[in-house]
Amino acid sequence: NTKLSRLAERRSQLVAQAAAQRIALAHDMNLGERAWLWRGRAALAAGATPAARAAFERAVELAELGLAALPADDYQRGYLDARAGAYEELLRLAL
């Protein structure tokens, strides 16, 4: 009984650790995506279009990684709405 209780407690700890790691990873990807977006905007303002494009593409890659981890439909739409900046910048460069 005590052994079973300890196993259940350890399982709860591992589940909590895994959840904390997922949250930290999502936070890091969000920060990374925003950092690359602003790096691209700075490069664009400096006239460095190839560097800007590369930075925007990296921001989109990070956004796509986060998107892939979400369930479909409303969550994905809201996620994309919040991260539209890098996509919009790439579209502007393409025009």
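For clarity, every value in this text was computed on a predicted model and none was experimentally measured.

K.L.:
Teacher, can you tell me more about the overall build of the protein here?
P.N.:
Scanning the protein from N- to C-terminus turns up 4 helices and 0 strands. In sequence order, the secondary structure elements of the protein are arranged as α-α-α-α. In terms of overall size, the protein is more extended than a compact globule, its C-alpha atoms giving a radius of gyration of 19 Å where 95 residues would be expected to give roughly 12 Å. Dimensions along the principal axes, computed over C-alpha positions, put the protein at roughly 70 × 25 × 15 Å. Per-residue burial over the protein gives 23% buried out of 95 residues. In the protein, the share of contacts with a sequence separation of at least 24, taken over all contacts with a separation of at least 6, comes to 56%. A total accessible area of about 6,900 Å² is found for the protein, and carbon and sulfur atoms account for 59% of it. One way to put it: in the protein the 13 positive side-chain charges average out to a point 9 Å from where the 11 negative ones average out.

Definitions and limits used
Residues numbered from 1 in each chain as written. Predicted model: local features only at pLDDT ≥ 70, side-chain atom pairs only at ≥ 80, totals over all residues. Heavy atoms only, no water. Helix = DSSP H or I, 4+ residues; strand = E, 2+ residues; numbered from the N terminus. Rg over C-alpha atoms; globule rule 2.2 N^0.38 Å. Buried < 20%, exposed > 50% of the residue type's maximum accessible area, 1.4 Å probe, protein only. Contact = heavy atoms within 4.5 Å. Areas by Shrake-Rupley, 256 points an atom, 1.4 Å probe, with all protein chains shown as cover. Lys, Arg positive; Asp, Glu negative; His and termini not counted. Charge placed at Lys NZ, Arg CZ, Asp CG, Glu CD.

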